[in-house]
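Close look at the chain arrangement
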Amino acid sequence: MRVIAIDGPAGSGKSTVARALAARIGLDYLDTGAMYRSVAFAALRRGIDPDDTVLVARLAEQVAIEVSDTVTVDGVDATIEIRGPEVTRAVSAVAANPGVRRELRRRQREWADGHGGGVIEGRDIGSVVFPEADLKVYLTASDSERAGRRSKEVLDMDYDTVAADIARRDYADSSRTAAPLVVATGAVTVDTTGLSIEEVVDRVLALLPENTAEGNR
Ligand code: DC
């Protein structure tokens, strides 16, 4: 089993880079942020308060989530809605819930077992979920570049709103007690500011054990 862990803050280019990298090296790709978003979506749909840790943890254990090119939650196509402002607002509380993290961590490991590994993207993949990953990458970019990228994706929010939202989520993701966003031990940091997707993918490819001097020894 071969696992490439890609972590980093919102707007660092993780999803685009992880997807392109997976295609290049013939591994499957998993967006774990979509799993946290799916639990938040399910809570909102069932009228469960995202801050109710007991109910949301129980929900995480019961809900059916399928993440591929589309995202299905309890049989409902949630691909578009999980990226919307309501879910984005609710997801930080869900991601801070240790019971939810325990369950999604279990599902992520099970997914990797069933797919012969993969390129797995999130916040705690190299630090907690796959500390033994074959390669750990921490992607970053300047605050303004990250906000600029996200505001192109999120058409219903202007730049300032997106920048404020990213700053709020960065703070929530980094300051929570349960698996906060950190640079994992052994991770290589790649600053993607000013780089194209292809340039970032090439840099990450060059870090793969078989492409480094260490890997060739
Ligand atoms: O990458 P994203 O914006 O879709 O992630 C959604 C939220 O889920 C974000 O607030 C961070 C959180 N998350 C997490 O805590 N751990 C992960 N492995 C992936 C995402």
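Here, every reference points to the structure presented above.
Residues numbered from 1 in each chain as written. Predicted model: local features only at pLDDT ≥ 70, side-chain atom pairs only at ≥ 80, totals over all residues. Heavy atoms only, no water.

Going through the model one piece at a time under the given rule, you end up with 15 salt bridges. The closest approach of N and O atoms between R107 and E103, which form a salt bridge, is 2.8 Å. Here R107 and its partner E103 are both found in helix α5 (residues 98-115), four residues apart, which amounts to about one turn of the helix. This pair shows no difference in class: R107 is buried, exactly as E103 is. Taking the shortest distance from any N to any O, the salt bridge between E145 and R149 comes out at 2.8 Å. Pair noted here: E145 and R149 are both in helix α7 (residues 143-153), with a separation of four residues, about one helical turn. (Salt bridge = Lys/Arg side-chain N within 4 Å of Asp/Glu carboxyl O. Helix = DSSP H or I, 4+ residues; strand = E, 2+ residues; numbered from the N terminus. Buried < 20%, exposed > 50% of the residue type's maximum accessible area, 1.4 Å probe, protein only.)

We now examine the environment of A179. Mapped onto the elements of the fold, A179 is located in the loop between α8 (159-175) and β8 (188-191). Sequence separation between A179 and G26 is 153 residues; the distance between their C-alpha atoms is 29 Å. Among all residues touching A179, those that are not within four sequence positions of it are R101, D124 and V128. (Contact = heavy atoms within 4.5 Å.)

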